[in-house]
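Here are the chains, one letter per residue:
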Amino acid sequence: MRTSLRLAVLGGSAVFALAVLPLVGRQALPFSAFFDFQGVDPAGIIFWQIRVPRALAAFVGGAGLALGGAVFQAIFRNPLATPYTLGVAGGASLGVALASRFGLSLVVVGLSTTSVAAFAGAMVAVGVIWVLTRLRPELSSTTLLLAGVAMNFFFSSVILFAQYTASLGDSYRIIRWLMGGLGGVDMTTVLHMTPVVTLGAAVIFWHARELDLLATGTEIAASRGVAVAPTRTLLFLATSVMVGGVVAACGPVGFVGMMAPHICRLLVGSNHRVLLPASVLFGGAFLVLCDTAARLVLFPAELPVGVITAFLGAPFFLWLLVRQVGSPSARP
Amino acid sequence: MSSPKIDVEDLSLRLGEAEILRDVSLRVEKGEFLTIIGPNGAGKSTLLRCLDGILEPSQGRVLIDDRPVSGFGRRELARTVSYVPQPEAGPLDYIVRSFVEMGRYPHLKAWAALTEVDAAAVTDAMKLTGVIELADRTMSSLSGGERQRASIAAALAQGGSILLLDEPTSFLDYRHQVQILDLLDRLHHESGLTIVAVTHDLNSTVASSDSVLALKGGRVAATGEPAELLDAEVLAAIYDADFRLIAGGHRGLPLILPARNGS
């Protein structure tokens, strides 16, 4: 199949995920709900005011995480890199853990305390990375990767401390948030996260060629004319802020960000001018699908979507990898 | 094509406490082929990176056609100087054509498609290096020699007239070494490129070059034509090793053999 056709198929799945999957749920909605923009019927209200915002949040979140993974895997030249590698999710989780533990109330412009605390925590992690790259611009990507890992361990230890000393109820709330979920999102959430993700995505898309070269090697990138250090710092910051926005809304949903870029590379190749749009479409559609499953599996209760992503994603990913082995037509 | 000349003036480079290069001066004329030799850790690759502005010297400067490298923009410099580093494997795999197209980066806008000029440069570079038949293969599926030719193709697609190579024939078997050397000869004589190559290959690469610069401990130990440096005493001083010379090498030069104890 040609690359453009594969992209079109991904685009089709994204449209399907956004238009059709919200019809599925506790109450299966008739397709007519789709055209009931005004909310005349209850079906129209459920569709447009509850399920569509949630599907949109899942799509924007999945797209942002997949983009973040694609960028970090290219810059770190490491297939195991995730959007959380530099500690963004760890920082966000720490923010939420501390806010829950100390009962802080941080409602800002309609954002919940959790979202504000998560985004603030994520920005602390971004700040640490920014200071590191400012103080030592010559730091290799590997060193930064290790710094991120160390930071994640540090955040985890403080989170464990907060949990250990918290009441049972607070402790459960923290754990529940750490699993990631879209239960509480509404149109406000979507309106808050979308600009952040769009801004990050715009910076990333603008640097598609630079990502190709950085993935090939920093020396080659430099000799081809890429200003390596400033480009890398800009991409780190844009990606981390974008991922921070996603995590503040959806919690640290795992696996999508690591796996989606790999699946897209198997489908359309490593060229970032194709890979980035593919990651947006696949990551977005995949998280909408997982969230639909999360709404249904334990019906009438709801499962955190983070539990589903790896459960559905990992076997599919393994199947793709195994199928690819020994196939000479494995795409670039 | 009029290739620029390179001047290095009193270049020193320190990394922390370590002094990697000290008072290095050299000149490469338009269209000249210079090889840089010397023991491991002598600063050869570091000097090459300074020529491409990837590393900034602590003292002294590098001039391309009398213009300091530090005054070039990164993309502007990339349109003049191309660099073929030692191969390093990345996690992402590209097809050969995509990889060579990346060489056009300094000529491209962010999302603009390749123009006819770009496409022609890519095709020419792949033809010249003989990787056009490999255009749709992945880089990881290539042999070492094919990959080295693809790397040179990408550097040529960049459109510069100065080509810097770091150990272009290392890790290659004899047939592939010969292919690379033939390619360098063609780029030197037919395309008129200015070429600087770091190498340990005294018998072929050095013997094909116009002039040689030997580094030892970050300083220039010797310079001259290949005939002057391919000498038992000169080489012994550069490498702290004994050599045997045998008549019958390339272009009437002697063949160099490292001498083992008792041989």
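Residues numbered from 1 in each chain as written. Chains lettered and ligands numbered in written order. Predicted model: local features only at pLDDT ≥ 70, side-chain atom pairs only at ≥ 80, totals over all residues.

Chemist: Help me out: how do you make sense of the overall build of chain A in this one?
Modeler: When helices and strands are counted, chain A shows 13 helices and zero strands. Over its C-alpha atoms chain A spans a radius of gyration of 20 Å, differing by no more than 12% from the 20 Å that the globule rule assigns to 332 residues. A principal-axis box enclosing the C-alpha atoms of chain A has dimensions of 60 × 55 × 35 Å. When burial is assessed residue by residue, chain A has 50% of its 332 residues classed as buried. Taking contacts inside chain A between residues at least 6 apart in sequence as the whole, the part at least 24 apart equals 76%. (Helix = DSSP H or I, 4+ residues; strand = E, 2+ residues; numbered from the N terminus. Rg over C-alpha atoms; globule rule 2.2 N^0.38 Å. Buried ≥ 20, exposed ≤ 12 C-beta atoms within 10 Å, placed from the backbone. Contact = placed C-beta atoms within 7 Å.)

Chemist: What am I meant to see in the pairing of strand β9 (residues 211–216) of chain B here?
Modeler: Within a regular strand, the side chains alternate between the two sheet faces. All names here are of chain B. Relative to β9, strand β3 (residues 33–37) runs parallel, the two being bridged by four bridges. Each bridged residue has a counterpart across the sheet, and for T35 the counterpart in β9 is V212. The turn linking β9 back onto strand β10 (residues 219–224) is made up of two residues, and G217 within it adopts a positive phi angle of 55°. (Pairing = 2+ DSSP bridges.)

Chemist: Got a minute to help me understand the interface of chain A and chain B in this structure?
Modeler: Often, the extent of an interface is quoted as the loss of accessible area upon association of its parts. Each partner contributes to the interface: chain A provides 23 residues, whereas chain B provides 24 residues. Counting only elements with at least two residues in the side of chain A that touches chain B, the list comes to α2 (42–75), α8 (208–216) and α9 (218–223) of chain A. If you tally residues by element for the side of chain A that touches chain B, the top one is α8(A), at five residues. The residue makeup of the side of chain A that touches chain B, split by class, is ten nonpolar, eight polar and five charged. (Nonpolar A, V, L, I, M, F, W, Y, C, P; charged D, E, K, R; others polar.)

Chemist: Got a minute to help me understand the sheet that holds strand β5 (residues 67–68) of chain B in this structure?
Modeler: Sheets are built from strands paired through backbone hydrogen bonds, the pairs being either parallel or antiparallel. All names here are of chain B. Read from one edge of the open sheet, four strands run β2-β1-β4-β5, paired in antiparallel fashion. Among the strands making up the open sheet, the edge pair consists of β2 (18–28) and β5. Sheet topology places strand β1 (residues 6–15) next to strand β4 (residues 59–64); five bridges connect them, and they run antiparallel. Paired with V8 across the bridge in β4 is V62.

Chemist: Help me understand the domain arrangement of chain B in this model?
Modeler: Residue and element names in this part refer to chain B. Assigned domains within chain B: domain 1 (6–80 + 160–258) and domain 2 (92–159). Look at where the C-alpha atoms of domain 1 and domain 2 centre, and you get two points 25 Å apart. Each side of the interface is counted separately: domain 1 has twelve residues, and domain 2 has eleven residues. When contributions to the side of domain 1 that touches domain 2 are tallied by element, the ones reaching two or more residues are α2 (74–78) and α6 (174–189). The biggest single contributor to the side of domain 1 that touches domain 2 is α6, with four residues. Broken down by class, the residue content of the side of domain 1 that touches domain 2 amounts to seven nonpolar, three polar and two charged. (Domains from an automatic or database assignment.)

Chemist: I keep staring at the sheet that holds strand β7 (residues 162–166) of chain B and nothing clicks. Help me out?
Modeler: Residues and elements named next belong to chain B. Strands sit in the order β6-β7-β8-β3-β9-β10 across an open sheet of six strands; the sheet is mixed. The open sheet has two edge strands with one neighbour each: β6 (81–84) and β10. Mean inter-strand twist for the sheet, computed between neighbouring axes without regard to direction, equals 15°. Alignment of β9 against β10, held across five bridges, turns out to be antiparallel. For A214, the partnering residue across the bridge sits in β10 and is A222. Contacts from helix α5 (residues 144–157) reach β6 and β7 within the one sheet, and its direction differs from that of β6 by about 170°. (Axes fitted to C-alpha atoms, helices over the stretch in contact; angles between N-to-C directions.)

Chemist: Sorry if this is basic, but what is going on with the nonpolar core here?
Modeler: Across soluble globular proteins, you tend to see nonpolar side chains buried next to one another. Residues A57(A), V88(A), V247(A), F282(A), V100(B), A153(B) and L164(B) are the most contacted members of the largest nonpolar core, which totals 173 residues. The element contributing the most residues to this core is α2(A), with 15 residues. There are two domains that each give this core at least three residues, and those are domain 1 (6–80 + 160–258) and domain 2 (92–159) of chain B. Excluding its chain neighbours within four sequence positions, the residues that come into contact with A153(B) are V100(B), A125(B), M126(B), T129(B) and V131(B). (Core = buried A, V, L, I, M, F, W, Y, C linked by C-beta atoms within 7 Å.)

Chemist: I'm lost on the confidence of the model for chain B in this one. Help?
Modeler: As a general rule, the predicted coordinates of low-pLDDT regions are not to be interpreted in detail. Residue and element names in this part refer to chain B. In this model, chain B carries an average pLDDT of 91, and 98% of its residues clear a pLDDT of 70 or more. Of all the helices and strands in chain B, α6 carries the lowest mean pLDDT, 91, while β3 carries the highest, 97. Here the complex is predicted with pTM 0.89, and the ipTM for its interfaces comes to 0.87. (pLDDT = per-residue confidence, 0-100.)

Chemist: What should I look at first to understand helix α11 (residues 256–268) of chain A in this one?
Modeler: Residues spaced three or four apart along an α-helix face the same direction, because each turn holds 3.6 residues. All names here are of chain A. The terminal C-alpha atoms of α11, which comprises 13 residues, lie 17 Å apart, in line with the 18 Å expected from a rise of 1.5 Å per residue. Burial within α11 is extensive, with ten of its 13 residues counted as buried. Among the residues making up α11, those that are buried are V256, G257, M258, M259, A260, P261, I263, C264, R265 and V268. Positive backbone phi, approximately 95°, marks G269, located one or two places after α11. (Expected span 1.5 Å × (residues − 1).)

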